[in-house]
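# Notes for the structure review
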Amino acid sequence: MLEDWLQQIEEASSLEALEAARVRLLGKKGELTQKLKQLGKLPPEARREEGRRLNEAKRALEAAILTRREALKREALGARLAQEALDVTLPGLAFPPGNTHVLTQVLAELVGIFQRMGYQAVLGPEAEEAFYNFDALNIPEHHPARDMHDTFWLTTTPKTSQIEGAKLLRTHTSPIQVRYMSQHTPPFKIVAPGKVFRHEATDATHEAMFHQLEGLVVGDNITMADLKGALLAMARALYGPEAKVNFRPSYFPFVEPGVEFEVWWTNPKTGKGTWLELGGAGMVHPEVFRAVDELRRAKGLAPIYTGKTGFAFGLGVERIAMLRYPIPDIRAFFQNRIPFLTQFRGGA
Ligand code: PHE
């Protein structure tokens, strides 16, 4: 009898079949359960003997069911694993390598050139206070120079920079000059890369957002010759030992004298040279030093800039890249088209 029962359990070929066998034998109306219920009808001697036999059988069945259940579960898992096996030889999804943006590469190259000359790289905010962008740079409220910088205002009181807290998207990186001087003691040499914003019509050579690199050197007895030397070193690092720098007199309210500077650039493909206008520069205007000292006083710092000398320059980064590669339309930089961007994979 027990042999037969055990065989039923051994032969159960699925978890469902095993459960059916368990109910059939040990369930409320199961064969063994029935037999246990009928024990009471036997004479006392036989009852004890039969009772022990049935209980042993019950334990044996329960143990057999447990063992069989584990075996069936293992089989089911093995079958699933075999079916779901990964084919590790299948080709994966292609994940092409990325690269930095061409402007990031050119900016890094420029910053590197100046770092090797001992300049520190610093940053300033893109959302700037009108005070730093204009007033402290000797561009007072009604000065026509403000019209040269069509401004994206962030506060609702356009051009009223006297109102404290008037904010805008910086129109140039020059406000970093004031921020840096208000917190640091000369002598120092800094460059400041970053985005600038002008609210003007877009065409192949103009964008509402572009990049500048600002430079500022302050110390004792700094001269225009130092400025030219720094820019010439930059031009040579960019374009080789034959590079030249030219100054043309110009006007920016925060420098005196002020120049626009151009670099002699030889196209490596055609061998032809042109003057490339790169940006503005000049000697830091005494009014800027005065505004910085006023600011320092307000902050409880010693006014130390009056009587100092320094030069500043600011150049457009897109122009350098557009000529070098060449890129005919400035808008290509910011359209984020993969075929354009991946052409510069070789870079930094
Ligand atoms: N900030 C000026 C511009 O954006 C450039 C400049 C910088 C000129 C520093 C002189 C000195 O046009």
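Residues numbered from 1 in each chain as written. Predicted model: local features only at pLDDT ≥ 70, side-chain atom pairs only at ≥ 80, totals over all residues. Heavy atoms only, no water.

## Re the overall build of the chain
Within the chain, the regular secondary structure consists of 11 helices and 9 strands. Taking 348 residues into account, the globule formula puts the C-alpha radius of gyration at 20 Å, and the chain, at 42 Å, lies well above it. Seen through its C-alpha atoms, the chain measures out along the principal axes to roughly 130 × 55 × 40 Å. For the chain, the proportion of its 348 residues judged to be buried stands at 41%. A sequence separation of at least 24 residues applies to 65% of the contacts in the chain between residues at least 6 apart. A total of about 19500 Å² of accessible surface is found on the chain, and carbon and sulfur atoms cover 56% of it. (Helix = DSSP H or I, 4+ residues; strand = E, 2+ residues; numbered from the N terminus. Rg over C-alpha atoms; globule rule 2.2 N^0.38 Å. Buried < 20%, exposed > 50% of the residue type's maximum accessible area, 1.4 Å probe, protein only. Contact = heavy atoms within 4.5 Å. Areas by Shrake-Rupley, 256 points an atom, 1.4 Å probe, with all protein chains shown as cover.)

## Observations concerning the layout of surface pockets
Roughly 980 Å³ of internal volume is contained in the largest pocket. Along its surface, the largest pocket is lined by 36 residues, and R198, F210, Q212, L278 and G279 are the ones closest to its centre. Looking at the lining of the largest pocket, the elements with two or more residues in it are β5 (209–219), β7 (255–266), β8 (273–284), β9 (309–316) and α10 (317–324). Residue composition of the lining of the largest pocket, grouped by class: 15 nonpolar, 13 polar and 8 charged. Estimates place the volume of the second largest pocket at around 270 Å³. In this structure, the second largest pocket is lined by 14 residues; those nearest its centre are F131, D135, A136, A291 and E294. No other element matches the 6 residues that helix α9 (residues 286–298) contributes to the lining of the second largest pocket. In terms of residue class, the lining of the second largest pocket is made up of 7 nonpolar, 2 polar and 5 charged. (1 Å grid on protein atoms, 1.4 Å probe; cavity = no way out; pocket = protein on both sides within 12 Å on 5 of 7 lines; lining within 4 Å. Points joined across faces, edges and corners; volume = space filled by probe spheres on them. Nonpolar A, V, L, I, M, F, W, Y, C, P; charged D, E, K, R; others polar.)

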